[in-house]
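Now for the letters of each chain:
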Amino acid sequence: PIQKSIITWSFVAFLAFAGALAMFVGVRGLLRSHASEHWPSTEGRIVTSEVINRDGQGSGSKRHYAEVSYEFTVGGVDYRGDRIVFEYLRKGSLTQAKGIVDRYRNGKKVTVFYMPKNPKQCVLQPGFQVRGLGWPFGGSILLIIAGVIACAAVAVARDERKAAEQDVDPNA
């Protein structure tokens, strides 16, 4: 019973930690994406724009994503960025990747939005993206599952304790 309890609570702790981490990453990304709507902008230039093809998980599957980088200058300091939008996942269809590369061709002048206190934090398309809800949503689900398992473990332990108390012989 003790080993089972340790395994259960270790699993609950892992789920809670993973959920909290996902929530932290997601909420931070959402706050930053929202803040980026008010960031200053400057002109930049695309220096790399290509479709990357990688073997995916599973037999014969491929992942395709656009790898885009750009250069810009703020306050006389040169910077290089590669974020197109917040929460851009480097996976998707070949069509999506080609569409991004077509939009951001090598040498093209672009508007770069940057965090005033840290221009290394930059993006080409500022603002909230619906896909940014994935991390906080997934984190919430993990936290809920951890809570349900924790409640079930407490209920089982309580029932086992009651059963053990009833099994005690009062004449002993």
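None of the values given here were measured: they were computed from a predicted structure. (Residues numbered from 1 in each chain as written. Predicted model: local features only at pLDDT ≥ 70, side-chain atom pairs only at ≥ 80, totals over all residues. Heavy atoms only, no water.)

Q: Just give me the short version of helix H2 (residues 94-103), but keep the residues and values in it.
A: For an α-helix the count is 3.6 residues per turn, leaving residues at separations of three or four pointing the same way. Taken as a whole, H2 has its buried residues at Ala97, Ile100 and Val101. Seen from one end, H2 has its buried residues packed into an arc of 100°, which puts them on one side. Those residues of H2 that are buried are in contact with strand S1 (41-55) and strand S2 (62-74). (Buried < 20%, exposed > 50% of the residue type's maximum accessible area, 1.4 Å probe, protein only. Helix = DSSP H or I, 4+ residues; strand = E, 2+ residues; numbered from the N terminus. Arc of directions from axis to C-beta. Contact = heavy atoms within 4.5 Å.)

Q: Explain the packing of helix H1 (residues 2-35) against helix H3 (residues 134-167) to me, using residue names and the numbers behind them.
A: It is at 7 Å that the axes of H1 and H3 come closest, and there the two elements cross at 155°. Between H1 and H3, the angle falls in the class roughly antiparallel. The handedness of the crossing between H1 and H3 comes out as left-handed. (Axes fitted to C-alpha atoms, helices over the stretch in contact; angles between N-to-C directions. Parallel < 35°, antiparallel > 145°, perpendicular 65-115°, else oblique. Left-handed = near helix turned anticlockwise from the far one by under 90°.)

Q: Any chance you could break down the pairing of strand S5 (residues 118-123) for me, citing the residues and the numbers?
A: Examined bridge by bridge, strand S4 (residues 109-115) and S5 share three bridges and lie antiparallel to one another. Paired with Met115 across the strands is Asn118, a residue of S5. Counted between consecutive antiparallel strands, the loop separating S4 from S5 contains two residues. (Pairing = 2+ DSSP bridges.)

Q: Before we move on, could you go through the packing of aromatic side chains and cite the residues and values that matter?
A: Per the counting criterion, the structure on display carries four aromatic pairs. With a centroid separation of 6.2 Å and an interplanar angle of 35°, the aromatic rings of Tyr70 and Phe72 are classed as tilted. Phe72 gets classed as buried once you look at its relative accessible area, which sits at 3%. Residues Phe72 and Tyr79 carry aromatic rings whose centres are separated by 5.6 Å and whose planes lie at 25° to one another, so their mutual orientation is stacked. The exposure classification of Phe72 matches that of Tyr79, with both residues buried. Every member of this aromatic cluster is reached through a ring pair, and the members are Tyr70, Phe72, Tyr79 and Tyr114. (Phe/Tyr/Trp six-rings, centres within 6.5 Å; stacked < 30°, edge-to-face > 60°.)

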